[in-house]
Structure formats: structure tokens, C-alpha cells
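Commentary on secondary and tertiary structure
Single-letter residue listing:
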12 protein chains.
Amino acid sequence: MSVYKVVELVGTSEKSWEDAAKNAIEVAGKTLRNLRIAEITELDCKIEDGKFAAFRTKVKLSFKIEDN
Amino acid sequence: MSVYKVVELVGTSEKSWEDAAKNAIEVAGKTLRNLRIAEITELDCKIEDGKFAAFRTKVKLSFKIEDN
Amino acid sequence: MSVYKVVELVGTSEKSWEDAAKNAIEVAGKTLRNLRIAEITELDCKIEDGKFAAFRTKVKLSFKIEDN
Amino acid sequence: MSVYKVVELVGTSEKSWEDAAKNAIEVAGKTLRNLRIAEITELDCKIEDGKFAAFRTKVKLSFKIEDN
Amino acid sequence: MSVYKVVELVGTSEKSWEDAAKNAIEVAGKTLRNLRIAEITELDCKIEDGKFAAFRTKVKLSFKIEDN
Amino acid sequence: MSVYKVVELVGTSEKSWEDAAKNAIEVAGKTLRNLRIAEITELDCKIEDGKFAAFRTKVKLSFKIEDN
Amino acid sequence: MSVYKVVELVGTSEKSWEDAAKNAIEVAGKTLRNLRIAEITELDCKIEDGKFAAFRTKVKLSFKIEDN
Amino acid sequence: MSVYKVVELVGTSEKSWEDAAKNAIEVAGKTLRNLRIAEITELDCKIEDGKFAAFRTKVKLSFKIEDN
Amino acid sequence: MSVYKVVELVGTSEKSWEDAAKNAIEVAGKTLRNLRIAEITELDCKIEDGKFAAFRTKVKLSFKIEDN
Amino acid sequence: MSVYKVVELVGTSEKSWEDAAKNAIEVAGKTLRNLRIAEITELDCKIEDGKFAAFRTKVKLSFKIEDN
Amino acid sequence: MSVYKVVELVGTSEKSWEDAAKNAIEVAGKTLRNLRIAEITELDCKIEDGKFAAFRTKVKLSFKIEDN
Amino acid sequence: MSVYKVVELVGTSEKSWEDAAKNAIEVAGKTLRNLRIAEITELDCKIEDGKFAAFRTKVKLSFKIEDN
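Described below are features of the structure shown in this document.

The rules behind the values
- Note on numbering: residues in each chain are counted from 1, in written sequence order.
- Both sets of labels track the order of writing: A upward for chains, 1 upward for ligands.
- In keeping with the model being predicted, local features are shown solely for residues with a pLDDT of at least 70 and side-chain atom pairs are shown and tallied solely at 80 or more, while totals for entire chains, interfaces and linings include all residues.
- To obtain the side-chain values, all non-hydrogen atoms of the structure were included, while hydrogens and water were left out.
- We count a stretch as a helix when DSSP gives it H or I for four or more residues in a row; a strand needs E for two or more, and each element gets its number in order from the N terminus.
- Residue exposure (1.4 Å probe, protein chains only): buried if accessible area is under 20% of the type maximum, exposed if over 50%, otherwise partly exposed.
- Any two residues whose heavy atoms approach within 4.5 Å at even a single point are treated as in contact.
- Computed by Shrake-Rupley with a 1.4 Å probe, the accessible areas treat only the displayed protein chains as cover when residues are assessed.
- Residues scored as positive are Lys and Arg, those scored as negative are Asp and Glu, and His as well as the terminal groups of each chain are ignored.
- A charge is said to be at NZ when it belongs to Lys, at CZ for Arg, at CG for Asp and at CD for Glu.
- In this analysis, the expected span of each helix is defined as 1.5 Å times one less than the number of residues it contains.
- For this overlay, a least-squares fit was computed on C-alpha atoms, restricted to residues scoring pLDDT of at least 70 in both copies.
- Summed over both partners, the accessible area lost on bringing two parts together, with a 1.4 Å probe, is the buried area.
- Here, a salt bridge means any Lys or Arg side-chain nitrogen found within 4 Å of an Asp or Glu carboxyl oxygen.
- Identification of polar contacts relies on pairs of N or O atoms within 3.5 Å, with a donor-acceptor requirement for protein atoms, meaning one able to donate a hydrogen and the other able to accept it, and with residues adjacent in sequence counted only if both atoms are side-chain atoms.
- Here, a disulfide means two cysteine sulfur atoms that sit within 2.5 Å of each other.
- The residue classification treats Ala, Val, Leu, Ile, Met, Phe, Trp, Tyr, Cys and Pro as nonpolar and Asp, Glu, Lys and Arg as charged. All others, Gly included, are polar.
- Paired strands, as defined in this entry, are two strands with at least two bridges between them according to DSSP.
- Pairing of aromatic side chains here covers Phe, Tyr and the six-membered ring of Trp, requires ring centres within 6.5 Å, and sorts the geometry by plane angle: under 30 degrees stacked, over 60 edge-to-face, intermediate tilted.
- Throughout this description, the term charge over a ring refers to an Arg CZ or Lys NZ atom that lies within 6 Å of the ring centre and within 35 degrees of the ring normal.

Moving on: the overall build of chain A. In terms of helices and strands, chain A carries 1 helix and 3 strands. Secondary structure elements of chain A occur, N-terminal to C-terminal, as β-α-β-β. Dimensions of chain A, computed from the C-alpha atoms along their principal axes, are close to 55 × 20 × 15 Å. Out of the 68 residues belonging to chain A, those deemed buried represent 59%. At a minimum sequence separation of 6, the contacts of chain A that also span at least 24 residues come to 63%. Put simply, chain A shows about 2900 Å² of open surface, and 42% of that area lies on carbon and sulfur atoms. Positive and negative charge centroids in chain A, built from 12 and 12 side chains respectively, lie 3 Å apart.

Right, here's the structure in full:
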């Protein structure tokens, strides 16, 4: 039976948390085969000089590492 | 005094988690009277063929079922 | 060493949870120096007359109150 | 073997959280056979015009839906 | 886009928590179309007269209710 | 759009957790405009000399601080 | 320095969760010296024959076991 | 009204988590009267020399200590 | 002193959650030295065509990466 | 009966989390009367240029605001 | 197979949370055989007369009670 | 925009949880560029032969993996 690995990434974006999540998925997709789902585990905003600077989305991604 | 029921729905959207939540509220509003609030309990992304496919928003909705 | 205070605000917006968060950060920034980060602790939707009315984002903000 | 369904209700009362829970159980008991237990998952107070208005108790109730 | 509903059931079995989960899924499958996933949210054991009586598995099941 | 602040108070009472919550709401209402809801986040009992002394209710209250 | 032990009890009462908590504290006080605080960790209602039967309060109590 | 005590045990088994839970219940049943329910709070596997060694099940058991 | 790394895997099995966990441990053991413990963080069931398809067990495994 | 307010501070220190907590308590004590307890809700380390820079301790402090 | 019991203690110390934990372990070790691990479940500070008075560490300890 | 990866390590030390955290950060810093923050997710004590043996600190570290 298949075995999956779970990794946690944080994407950032000046536009939205959705865009930040997509950035993380895109970076993961460059090296990982068979991405399956992306659970969101944390949202926050980066603040610089007292003002909003970026949206950040923490994402748990799983991908197949073994398939018997 | 009033009694409310709580139901949990998952909306989906290719645009945003906000749009996915609105889809779930709209579907609920077709059959349920007196919707009151929509708490977000989970956000994730559906991935197909290693690429982003859709945003999903899990929503807890309460509505009045008895009003004495 | 520095000491920070943490406050919790709820921003609202008809557009998005991102916009609601930015509203809360902007209001906080009028009176608080040295805002540092904005963790999102809750998302929900206000519903009026059975229809979507507004997005709400609960935000934990920390800011410096002492710097020895 | 038996299978149970879990539903979530919110009772309200001007007197107490206990009374609010009993209201929810009574409404559930009108249509559901074999109620089994009522776990309390949230307590809050409704406030109107800056003053206490009602106690609310969120209740998880399970009841038998199949008994082989 | 699709909208899903989430229901919570408790299955029981004298053999195992796996068997209890399967019982809940089987009962749900009789009336619900398009079951999608079964998350386990609680495991316990029923005890009668001081001895083990049954395994119980609480299951969150989601199924499609609207597909535009 | 409106922005709310969230504050956390602990009310005490010799009679009940409901009475303790009402005490906290009453004290908050003296200085805060537009209280909105009171979520209960903790209940405990104070014990003195090995006996029950008071009920304590921790309450999260939100109130409007900006309304554009 | 002192060391405390933590025990968990469930009190029951037909009147209220407060009364159920006091019953648990009273029983603990018969054998344990130096009770210190009673945190409430769970509230539920026992249901018999489809009707409310009793309030139950789960209580964490700590008491001194060593004082150097 | 009755008062219950809650104890936490960890059972182990080479066969299954179910068998580990039953071992814990059996040991508890030797000295405790009126066991009532066994909630599962943690599952893990013991690993020795890089290989699976045993299943472990953490169990919360409650039993009657006073019945007025 | 030693330093450990923690990885999260999901094993699958048609037989049981125990078997799914063992599959994950076995795959991990092929490349990781000094596996220490396997905490279970999630259990679910995969459903295909409305019927049970597989048990899945999410496992946190730690292994030594440095030993001074 | 008394009413307490709860505030959340983050102390920092190059020495230890204990020292960071004491810094937060000392700053709070300059302006708040009747501090009662300090619960620790988060610990972390600040990292600068890839190296440890400071310990941070998030602290919930309660203090009396009304005493009837 | 072995069965373990889990007990919860609170150690105190004027020096550090580490020292408070060690005090709890030392007291437990006087009467309990085969202590196995000490998980930390809560840290706080006792405050007296508005000043830091002691560090407190809540510890879950497990020990073998049966070994077949 | 940047993307970060999150890894979880456990440091150990005979001196303190602070020292254990620093050991984990130091080991991570040997191979990972741009470490950003170290959140503490678990503290425990290793016990050998019924006596304290070592402090262990579980740490979540994030570091930049992509910077567009």
C-alpha cells in the first residue's frame, strides 16, 4: 500500500492568503511528485514599519513516497 | 426561548476561500430559515495532477429551529 | 530587554478576510507604536436576513511597550 | 451493532446555562428517539444594548439511528 | 462549484475500532450519495459490569449536496 | 467598516458561574460602549481552607472601537 | 519547595453544574489536605429514557503532597 | 449524588491498539469497582532497534467513588 | 547531547490502522537510522464509490541526526 | 465580588525563558495593581543571522479591576 | 504486556521551571517504581504582593503497574 | 515572493530546556540557510533508572527555500 510524506511550507504574497498558498504549492510542485492536498494550518500578516507588508499562509502538503 | 441547530458544510471555489464560503452559505440559505452566523473551521486546497485545483472552506452555520 | 503587549482586534469588510485584517491593522496603527506581527485567530461571516453580510477576521497584534 | 448520529444544538435561556441546555434537549427529544448523552461544547452570553440578554449553551447530542 | 455537508456518526463493534468505523460508513452509505472521506474524531470503549463491552469510533463523513 | 476590540475579564460570585459572568459584563459595561458578545473561555472554583469559596468565569468580550 | 498532585473527579447533581462541582470538591475534601483550586475541564448532561437526568462536572483538583 | 474519579493508564500489546486498551481495562478492573467508560487519549508505537515493537493505547477510565 | 529530527508520514492499509502505521514505519526504516517513537496524530478512512477503500494512519517519527 | 482583567505580554531575555517571564511581570507591575498569576502560553526563540538571539515568553497576567 | 499509570504533579521552585520539574520527579521517585517519562503540560509563575514568587511546572509522569 | 520550509527538531541537554533548544538551533544552522524563528512545541524530561536524565525541547524552525 502507498506511503505519503507530509511537509510544512509557508508561502507569502502581497495580494492574498490564497495567492500565498498557491506560491507554496507551486514551489513544492517543482520537486515533489504526486502532491495530494494542502491543509492550511496558520494565517498571519507580516508588518513592517507599523504597516501591512505581506500575507503568509502555512500549508501542510502530502505526497506519495512509496507505492507497492 | 429559541433553540438553534448547527450544521457543517464545505464550499468550494476556484477563486477564493471567501467565494467558497459564500457558495456554502447560499446553498444553505435555499432550505434553512434564519441563518445566523458562519464560523470558519477549516481551509484547504484541492490539488489535481500536482497543481492547485480549488479552494475549500468548511463552515459551521446555525439556524433557528424553535422559537417559543 | 524589550517587553511587548498583545491585543486582539476584529476587523470587518464586505470584500475579503484580507481586507478585514488590514482594517484592523490600520486602526491599531493609529495609536500603537511598533506593531510587529498579526496572527489570525478566527475567521467568520456575518449573516443578515439569511444572506452574507460581511467578512470578519480576528487578529492578535503585538507591539513594544518597553525597551531597556 | 448500533450506529449513532451526533447533532449540535444551541439552547438559550434568560435563567441559566443549565436551563438553556435543558431547552435544547427538550426540543431534540420531540423528534429524536434514544438520545444518549449531551456534551457541552460552548457557553456564551448574548448581550443587547450593552446589557446581558440571554445564556446560550451549545450541546452535542447523540441518538441511535440503526440497531442490528 | 460543489458544496458538501459534514455529518458525524458513531459506529460500534465488538471486534475493533476499524470494524466500528466501517459499520458507520455502511449505514451512512445507505442514504447518502457521494461519500468522500471519513475522519476519525474520537475512539472509546463501552464498559458493562466492569468489563469491556464494545469499541466505538466517532466518524466525520462528508458528502456532496450540490454540484453546479 | 467597523473594528472591534476583544478584552478578557474574570468575574467571581459565591452563587453561580452565571452570576460571575454577569458581574464581569456589568463592570465592562461601565466603561465600554457597544459590547457585543461574551464567550466563556474558562470556569473554575476558588477553594479556601479546603472548602469551596467562589465561582469564577473567564469571559471574552468584544466592543466597537471604530465605525466608518 | 512544595509539590502538588492533581486529581480528576466527576461530580453529579440534579440541580446544576455548580452543585455537581461542589459535590466533587466535598468528596475530595474528606481525604485530601490542602486543596488549592478546581479547574472545570468538562460539562455534560446525563440523559435517561430520552429525558434530562443529571448535570455532570469534571473537575481537576490539586493538593499539596510535599512541603520542604 | 454520585462522584467519580478519573484515572489514566497506558496499555501495551504486540497485536493491536484494541488489545492494548483491553489490557489496561483488565488491569484497572482488578482493583477498581464500577468502571464506566474508557476514552482513548493517545495512540503510539514503541520502536526498538529501528523496528516496530509494540502498540500503546492511553486510556482515561472513570469509576464511582461515592454514591449518596 | 543528541539532536533528533521529526518527520510526518501517512501509511495506508486495507486491513487496519495498525497495519497502516507499520507500513509507514517500515518505509521510514529503510532510510532513517535510529527511529525512536511513532506518535499517531490522525486516523481516517479513504472512501471510493461510496464504500470503504483503505485505512490511513498519520505518524510522527523521530530519529537521531546528531550525537555529540 | 471582585472582577479581574487579563492581559497578555511577551517578555524577552538573552539568558532564559524564566528571565523573560520575570521581565514581563516586572513591566506589568509598574502600572497594574494586584497582579495574581502568570500563565505561560508560548515560548520561542528569536533568531538573527541564523543564530540564537533571544528567548521570548508569552505571559497571561490577571489583575483586580473591581472589588465590591 | 506491561500496563502503565499516568499521574500529574506540580513542582515549584524559586530558581527555574527545570528545577520545579526535577522537584516533582524526585518526590514521585520516592514512592513510584519504574518512572518512564515526564511530559510538561503547563508552566506558570506564582505572584505574591505584585512580585514574582515561584516557578511552577505541571508534569505528567507514567510508571509501570503491571508486567506480565 | 519568498517561500519557507518548516522543520521540527528535538534538542537535548542535561542543563536546561534553553540549552536543549540552542543545541537544536545550532545543528539546524549547520545545513540550513536563513533560519527565521524557533517555536517551542513540547518540553519533556527523559528519566533513566527512576531519575532525571535530560531535558528535551521540541522546536519548529522555518527557513527560506525560495526567494523570487
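The structure having been displayed, the exposition proceeds.
Under the 1.5 Å per step criterion, the end-to-end length of helix α1 (residues 17-31) of chain D is 23 Å for 15 residues, consistent within 8% with the ideal 21 Å. Residues of α1(D) that are buried: D:W17, D:E18, D:A20, D:A21, D:N23, D:A24, D:I25, D:V27 and D:A28.

Another point: the relation of the copies chain B and chain A. For the pair chain B and chain A, the relating rotation is 120°, the translation along its axis is 0.0 Å, and the fit reaches an RMSD of 0.0 Å. The two molecules are tied by a three-fold rotation axis, judged by turn and shift.

Let's shift gears to the interface of chain A and chain I. Each partner contributes residues to the interface: chain A has 11 residues there, and chain I has 16 residues. Together chain A and chain I conceal approximately 1100 Å² of surface at their shared face, both sides included; 53% is due to carbon and sulfur atoms. Applying the counting criterion to the chain A and chain I interface returns 3 salt bridges. In this structure, the salt-bridge partner of A:E66 is I:K30, at a minimum N-O distance of 2.7 Å. There are 6 residue pairs in polar contact (both at pLDDT 80 or more) connecting chain A and chain I. Counting residues per element, the ones that place at least two in the side of chain A that touches chain I are β1 (3-13), β2 (35-48) and β3 (51-66) of chain A. Per element, the largest residue contribution to the side of chain A that touches chain I is 4 residues, and it comes from β1(A).

Take the pattern of salt bridges next. Using the criterion set out here, one finds 72 salt bridges over all chains in the structure. Note that G:E48 and G:K46 form a salt bridge whose closest N and O atoms lie 3.4 Å from each other. Using a relative accessible area of 30% as the deciding quantity, one classes G:K46 as partly exposed. Close ionic contact of I:R56 with I:D44 constitutes a salt bridge, the shortest N to O distance being 2.9 Å. One end of the pair, I:R56, is in strand β3 (residues 51-66); the other, I:D44, is in strand β2 (residues 35-48), with 12 residues separating them in the sequence. Comparing I:R56 with I:D44 shows no difference in burial state: the two are buried. When salt bridges that share partners are traced, they join A:E39, I:E42 and I:K58 into one network.

With that out of the way, let us pick up the state of the cysteines. The term disulfide refers to a covalent linkage connecting the sulfur atoms of a pair of cysteines. This structure, assessed with the given rule, holds 0 disulfides over all chains. You can see F:C45 has no disulfide; the closest cysteine sulfur is in G:C45, sitting 17 Å from it. For F:C45, a relative accessible area of 0% puts it in the buried group.

Moving on, we get to the interface of chain B and chain A. Residue-level contacts link 12 residues of chain B with 14 residues of chain A. Counting every contact that joins chain B to chain A gives 0 salt bridges. Linking chain B with chain A are 3 residue pairs in polar contact (both at pLDDT 80 or more), by the criterion used here. Going through the elements one at a time, α1 (17-31), β2 (35-48) and β3 (51-66) of chain B are the ones with two or more residues in the side of chain B that touches chain A. The element contributing the most residues to the side of chain B that touches chain A is β2(B), with 4 residues. Partitioning the side of chain B that touches chain A into residue classes produces 6 nonpolar, 2 polar and 4 charged. In this sheet, β2(B) lies alongside β2(A) in antiparallel orientation, the contact comprising 3 bridges. Looking across to β2(B), one finds that A:E39 is bridged to B:D44.

Right, let's talk about the arrangement of the chains for a bit. At the level of C-alpha atoms, the two units chain B and chain G stay apart, their nearest approach being 16 Å. In this view chain H stays clear of chain J, with the nearest C-alpha atoms of the two still 22 Å from each other.

Residues and elements named next belong to chain C. When strand β2 (residues 35-48) meets strand β3 (residues 51-67), the two strands line up antiparallel, connected through 12 bridges. Bridge pairing in β3 links D44 to R56. What sits between the antiparallel neighbours β2 and β3 is a turn of 2 residues, in which D49 has the positive phi angle 50°.

Its identity as a non-glycine residue notwithstanding, D:N34 has a phi of 65°, on the positive side. When you line up the elements, D:N34 lands in the loop between α1 and β2 (35-48). With relative accessibility at 42%, the residue D:N34 sits in the partly exposed group. A positive phi is found at G:D49, a non-glycine position, where the angle reads about 55°. Structurally, G:D49 is set in the loop between β2 (35-48) and β3 (51-67). According to the relative accessible area criterion, G:D49 is exposed, its value standing at 79%.

This part is about the environment of B:E14. Looking at the element boundaries, B:E14 is found in the loop between β1 (3-13) and α1. Here B:E14 falls in the exposed class, since its relative accessible area comes to 52%. Note: C-alpha distance between B:E14 and B:F55 (41 residues apart in sequence) is 5.9 Å. Residues in contact with B:E14, not counting those within four places in the same chain, are B:F52, B:A53, B:F55 and E:M1.

Summed over all chains, the structure comprises 24 aromatic pairs over all chains. Taking 5.1 Å as the distance between ring centres and 70° as the angle between the ring planes, the aromatic pair formed by H:W17 and H:F55 counts as edge-to-face. In this pair, H:W17 sits in helix α1 (residues 17-31) while H:F55 sits in strand β3 (residues 51-66), placing the two residues 38 residues apart along the sequence. For the pair formed by H:W17 and H:F55, the shared burial category is buried. Among the aromatic residues, those joined into a cluster by ring pairs are A:W17, A:F52 and A:F55. A cation over an aromatic ring shows up here: C:R36 above the ring of C:Y4, its NZ or CZ 4.4 Å from the ring centre.

Its place among the elements puts A:T57 in strand β3. Under the relative-accessibility criterion, A:T57 is labelled buried at 0%. Engagement of the side chain of A:T57 in a polar contact is seen with the backbone oxygen of A:W17, the distance being 2.9 Å. Each residue touching A:T57, except ones within four places of it in the same chain, is listed here: A:L9, A:V10, A:G11, A:W17, A:A20, A:A21, A:I40, A:E42, A:L43 and B:W17.

So, to be careful, I would describe these as geometric facts and stop short of saying anything about function.
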